[in-house]
Amino acid sequence: MPELPEVETTVRGLTPVLQGERLKSVVTRRGDLRRPFPDDLAQRMTGATITALGRRAKYGLIDTDRGDTMIFHLGMSGRWRVDPTELEKHDHLVIETDSGRRVALSDPRRFGSVDLVPTAELAAFPAFKALGPEPLGPDLTGAYLKQALKGRVASIKQMLLDQRIVAGLGNIYVCEALYAARISPKREASRISLAKLDRLVTEIRAVLESAIAAGGSSLRNFVHPDGNLGYFSKEFLVYGREGEPCGCGGTVKRYVEGGRSTFWCPKCQS
DNA sequence: AACAATACCTGGCAGC
DNA sequence: TGCTGCCAGGTATTGT
């Protein structure tokens, strides 16, 4: 899934389909993903007009003229299908507009979520309360990271996956950003110099922006909402490349921590 | 409090 | 072809 760039491209893909449109129908085809759909989701969304779409961390936001925001998360395998010819088994939520467009939220593994909250209360949404800064916004700086990682003995890899430190990074882009910054994923977070953290911030932004520009990456499950496959995955330099040569002459290695694979080059990342 | 490991659910793929 | 085991981008919770 969907890490930040994939959610961003999803939102950008949905915007021309939904923004300014009145919803003719909103149908849930099973009762829950990670948690139940809101009981009144269909009732509050049907007949509403979409005023804006946005993103916070890995969450997509859909605002209505009734003062609600629908918050969706794509989990591991979620994607929106735009104007599907036929609905499939895992199209759990289907939205139709007055102008005849149809979008379906598909999520085979069902780790995603859909919530509906008053827009004015977005900041109080539980998953948003402790989120760290947006990596593409002005608040993520080397100095911020230096402070946030102070006293933390866990690895920089673990810290960057923590949404309270930085919001929106996932396993792939953490691996890629650490590689680009030549920082070992195993490095104790508090022991990285300010200069290295500055460099890390630069590389995080570059990796994310490059992925967004490429239309989002595609591993097994992500499909751009217009139906085209993303293609940034071809450009991963370490992720999924165990055993392949690194440009420095070293070899890409993989290790598992907390059930997650980390890819890195021990020779040039220290 | 911080950290590590596990649970959640399903499908795809490699290997036999 | 069919079976088995392993792997997967996520968050939340539990245990140490």
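Position labels on residues start from 1 in each chain and follow its written sequence. Both sets of labels track the order of writing: A upward for chains, 1 upward for ligands. In keeping with the model being predicted, local features are shown solely for residues with a pLDDT of at least 70 and side-chain atom pairs are shown and tallied solely at 80 or more, while totals for entire chains, interfaces and linings include all residues. Excluded from the side-chain calculation are hydrogens and water; included are all heavy atoms of the structure.

Now for the packing of helix α6 (residues 171-180) against helix α7 (residues 194-213). Fitted lines through C-alpha atoms give the axes, limited to the stretch in contact for helices. The angle between two N-to-C directions lies from 0 to 180 degrees. A helix here means a DSSP run of H or I that spans at least four residues, while a strand means a run of E at least two residues long, and both kinds are numbered starting from the N terminus. Packing of α6 against α7 leaves a shortest axis separation of 8 Å and a crossing angle of 130°. Here α6 is positioned oblique relative to α7, judged by the angle of their axes. Considering only the axes of α6 and α7, their crossing is right-handed. Here Tyr173, Glu176, Ala177, Leu178 and Ala180 of α6 come into contact with α7, specifically with Arg199, Leu200, Glu203, Ile204, Val207, Leu208 and Ala211. Grouping the amino acids of the contact of α6 with α7 by side-chain chemistry returns nine nonpolar, no polar and three charged. Here is the rule for angles: anything less than 35 degrees is roughly parallel, anything more than 145 is roughly antiparallel, 65 through 115 is roughly perpendicular, and the remaining ranges are oblique. When the near helix sits turned anticlockwise from the far one by under a right angle, the crossing is termed left-handed; a clockwise turn instead gives a right-handed crossing. Contact between two residues is taken to exist if any of their heavy atoms lie within 4.5 Å; hydrogens are not considered. Only Asp, Glu, Lys and Arg are considered charged, only Ala, Val, Leu, Ile, Met, Phe, Trp, Tyr, Cys and Pro nonpolar, and every remaining residue, Gly among them, polar.

Turning to the UniProt feature "active site" (unreviewed entry) in chain A, a few remarks are in order. UniProt positions are given in the numbering used here, feature names are shortened, and annotations may be inferred rather than shown by experiment. With numbering matched to this structure, UniProt assigns "active site" (unreviewed entry) to Pro2, Glu3, Lys58 and Arg260. Counting through the fold element by element, proline 2 comes out in the segment before α1 (4-18). Beyond its immediate sequence surroundings of up to four residues, proline 2 is in contact with Val7, Lys58, Leu74, Gly75, Met76 and Gly78. Considering the arrangement of structural elements, one finds arginine 260 in strand β10 (residues 260-264). Each residue is assigned to one of three classes by its accessible area relative to the maximum for its type, calculated with a 1.4 Å probe on protein chains only: buried under 20%, partly exposed between the two thresholds, exposed over 50%. Relative accessible area serves as the criterion here: at 37%, arginine 260 is assigned to the partly exposed category. Other than its neighbours up to four places away in sequence, arginine 260 contacts Asn171 and Tyr255.

Attention shifts here to the protein's contact with DNA strand B. We call a residue near a molecule or strand as soon as one heavy atom of that residue lies within 4 Å of the molecule or strand. If you check the shell around DNA strand B, you find Lys89, His90, Pro108, Arg109, Arg110, Phe111, Arg152, Val153, Ala154, Met159 and Gly258 and nothing else. By atom count, sugar and phosphate contribute 65% of the portion of DNA strand B lying within 4 Å of the protein. Between DNA strand B and the protein, one listed contact pairs a phosphate oxygen with a side-chain N or O atom of lysine 89 at 3.1 Å. Any pair of N or O atoms that falls within 3.5 Å is considered a polar contact. Within protein, one atom must be able to donate a hydrogen and the other to accept it, and sequence-neighbouring residues count only if both atoms are side-chain atoms. In this structure, arginine 110 approaches DNA strand B through a side-chain N or O atom, which is 2.8 Å from a phosphate oxygen. Looking at the surface near DNA strand B residue by residue, the class counts come to five nonpolar, two polar and four charged.

The parts lose accessible area when they come together, and the size of an interface is often stated as this lost area. Those domain boundaries reflect an automatic or database domain assignment. Here chain A is described as being made up of domain 1 (4-129) and domain 2 (142-234). Once you take the C-alpha centre of each, domain 1 and domain 2 turn out to be 26 Å apart.

What follows is about the pairing of strand β8 (residues 113-118). Here β8 lies mainly inside the structure; five of its six residues are buried. The sheet contact formed by strand β4 (residues 68-73) and β8 spans six bridges and is antiparallel. When the bridges of β8 are listed, histidine 73 appears paired with serine 113. Strands are treated as partners if at least two bridges between them are detected by DSSP.

Once that is clear, we can look at unusual backbone geometry. Residues apart from glycine generally show negative phi values, whereas peptide bonds are mostly found in trans. The phi dihedral of aspartate 83 is positive, around 50°, even though this residue is not glycine. One non-glycine residue, arginine 182, adopts positive backbone phi at about 60°. For arginine 182, the location among the structural elements is in the loop between α6 and α7. On the basis of relative accessible area, arginine 182 is assigned to the partly exposed category, the value being 30%.

Time to look at the pattern of salt bridges. We define a salt bridge as a side-chain nitrogen of Lys or Arg found within 4 Å of a carboxyl oxygen belonging to Asp or Glu. On inspection of all chains with the given rule, the structure shows 17 salt bridges. Put simply, arginine 110 and aspartate 32 hold a salt bridge, and the shortest N to O gap is 3.3 Å. Of this pair, arginine 110 sits in the loop between β7 (102-106) and β8 while aspartate 32 sits in the loop between β1 (23-28) and α2 (41-45), and the two are 78 residues apart along the sequence. Ionic pairing is found between arginine 35 and aspartate 115, a salt bridge with its closest N-O pair at 2.6 Å.

Side-chain rings of Phe, Tyr and Trp, where Trp is taken by its six-membered ring, are said to pair if the distance between their centres is within 6.5 Å; with planes under 30 degrees apart they count as stacked, over 60 as edge-to-face, and otherwise as tilted. Scanning the entire structure with this criterion turns up eight aromatic pairs. In textbook terms, an aromatic cluster arises when at least three aromatic residues are bridged by ring pairs, as seen for Tyr173, Phe236, Tyr239 and Phe263. Working rule: Lys NZ or Arg CZ, within 6 Å of ring centre, within 35 degrees of ring normal, means a charge sits over the ring. Directly above the aromatic system of phenylalanine 111 lies the positively charged group of arginine 34, at a separation of 5.8 Å from the ring centroid. Here the basic side chain of lysine 186 rests over the ring of tyrosine 255, its NZ or CZ set 4.6 Å away from the ring centre.

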